[in-house]
Amino acid sequence: MNTKEIFELVGALIILLGAIVSVASAIGIIRFPDIYSRAHAATKTTTLAVLITLFGTFFTLLFVNSYVSIRLILGIIFVFITAPVSGHLILRAAYRSGIPMSHKTASDELENVLPQANELKK
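So, here's what we can say about the structure. The residue numbers shown here count from 1 along each chain, following its written sequence. Under the rules for a predicted model, residues below a pLDDT of 70 receive no local features and side-chain atom pairs below 80 are neither given nor counted, while totals for whole chains, interfaces and linings still include all residues. By convention in this description, side-chain values take in all heavy atoms of the structure and omit both hydrogens and water.

## As for the layout of surface pockets
Cavity: a set of points on a 1 Å grid over the protein atoms alone where a 1.4 Å probe fits but cannot get out. Pocket: an open set with protein on both sides within 12 Å along at least five of seven lines, its lining residues, like those of a cavity, having an atom within 4 Å of a point. Grid points are joined across faces, edges and corners, and a volume is the space filled by probe spheres set on the points. Roughly 430 Å³ of volume is contained in the largest pocket. Taken together, 22 residues make up the lining of the largest pocket; nearest its centre are Tyr-36, Ser-37, Leu-91, Met-101 and Leu-110. Contributing elements (two or more residues each) for the lining of the largest pocket: helix 2 (35-64) and helix 3 (70-97). No other element matches helix 3, which puts six residues into the lining of the largest pocket. By residue class, the composition of the lining of the largest pocket is eight nonpolar, eight polar and six charged. Only runs of H or I of at least four residues qualify as helices and only runs of E of at least two qualify as strands under DSSP, and these elements are numbered from the N terminus. Following the grouping adopted for this structure description, the nonpolar residues are Ala, Val, Leu, Ile, Met, Phe, Trp, Tyr, Cys and Pro, the charged ones are Asp, Glu, Lys and Arg, and the polar ones are all others, Gly among them.

Below, the structure written as structure tokens:
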């Protein structure tokens, strides 16, 4: 086995790890009880899965083909910035709309900070 094949194998394993994290994210989206925990699974773990997959692709292109892909670097930066921000904004809109939390939620730490929909109508 030469070094190129080893780097290709390592890149494939990194991409496989990204796929495994993506499956864990999908399971979290299905199993969690409310919008808040589902969105957490959707944004955090999916972002990690995409970043790992893109990094594995970048690693493979760099060490196997000696090619630096600026598009992959920009994709990594774009996903790293936009996915958590969009998840936060969706959850904030859900909270302000008055979507209830699961009965398993221990406490609502935002009730004294952010107004909900029924408080905004007053």
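## Observations regarding helix 1 (residues 3-31)
One less than the residue count of a helix, multiplied by 1.5 Å, gives the span that helix is expected to have. For helix 1, built from 29 residues, the straight-helix expectation of 42 Å at 1.5 Å per residue is met to within 8% by its first-to-last C-alpha distance of 42 Å. Any two residues whose heavy atoms approach within 4.5 Å at even a single point are treated as in contact. Residues of helix 1 that are buried make contact with helix 2.

## Considering the nonpolar core
Buried Ala, Val, Leu, Ile, Met, Phe, Trp, Tyr and Cys residues that are joined via side-chain atoms within 4.5 Å together make up what is termed a nonpolar core. Three labels apply to residues, based on accessible area from a 1.4 Å probe with only protein chains included: buried if under 20% of the type maximum, exposed if over 50%, partly exposed otherwise in between. Of all hydrophobic cores here, the largest spans six residues; its members are Tyr-36, Ala-39, Leu-91, Ala-94, Tyr-95 and Leu-114. Elements with a contribution of two residues or more to this core: helix 2 and helix 3. Counting residues per element, this core draws most heavily on helix 3, which supplies three residues. Excluding residues that lie within four positions of it along the chain, Tyr-36 makes contacts with Leu-91, Ala-94, Tyr-95, Ile-99, Pro-100 and Met-101. One finds Val-21, Ala-49, Ile-52 and Phe-59 within the second-largest nonpolar core, a separate group that totals five residues.

## Some words on helix 2
An α-helical segment advances 3.6 residues per turn. Residues three or four places apart therefore align on the same side. An ideal rise of 1.5 Å per residue puts 44 Å on 30 residues; helix 2 measures up with 42 Å between its terminal C-alpha atoms. Count one or two residues on from helix 2 and you reach Ser-66, which has phi positive near 55 degrees.

## Thoughts on the packing of helix 1 against helix 2
Note on definitions: angles span 0 to 180 degrees between N-to-C directions of axes, and those axes are lines fitted to C-alpha atoms, for helices only across the stretch in contact. Close contact between helix 1 and helix 2 brings their axes to 8 Å; oriented N to C, the two are set at 170 degrees. Judged by the angle between their axes, helix 1 and helix 2 are roughly antiparallel. Its residues assigned to classes, the contact of helix 1 with helix 2 comprises 19 nonpolar, 11 polar and three charged. Any angle that falls under 35 degrees is termed roughly parallel, while one over 145 is termed roughly antiparallel, one within 65 to 115 roughly perpendicular, and all others oblique.

## Some points on the side chain of Ser-69
Relative to the helices and strands, Ser-69 is located in the loop between helix 2 and helix 3. Once you skip the residues sitting within four places of it in the chain, Ser-69 turns out to touch Phe-58 and Leu-61.

## Topic: unusual backbone geometry
The residue Ser-66 is not glycine, and still its phi comes out positive at about 55 degrees. Turning to its location among the elements, Ser-66 is positioned in the loop between helix 2 and helix 3.

## Observations regarding a nonpolar patch on the surface
Think of a patch as exposed residues, more than 30% relative accessible area, with no salt bridge, where like charges cluster within 9 Å and nonpolar side chains (Val, Leu, Ile, Met, Phe, Trp, Tyr) cluster within 5 Å. Each accessible area is a Shrake-Rupley result for a 1.4 Å probe, and residues are judged covered by the shown protein chains and nothing else. For this document, the term salt bridge refers to a Lys or Arg side-chain nitrogen within 4 Å of an Asp or Glu carboxyl oxygen. A contiguous nonpolar patch, built from Met-1, Ile-6, Leu-9, Val-10, Leu-13, Leu-16 and Ile-20 and spanning about 680 Å² of accessible area, is present on the exposed surface. Of the residues examined, Val-10 reaches a relative accessible area of 32% and is grouped as partly exposed.

## Quick notes on the environment of Ile-90
The residue Ile-90 is located in helix 3 in this model. Residue classification places Ile-90 among the exposed positions, given a relative accessible area of 52%. When the C-alpha atoms of Ile-90 and Ile-35 are compared, they prove to be 9.7 Å apart, with 55 residues separating the residues in sequence.

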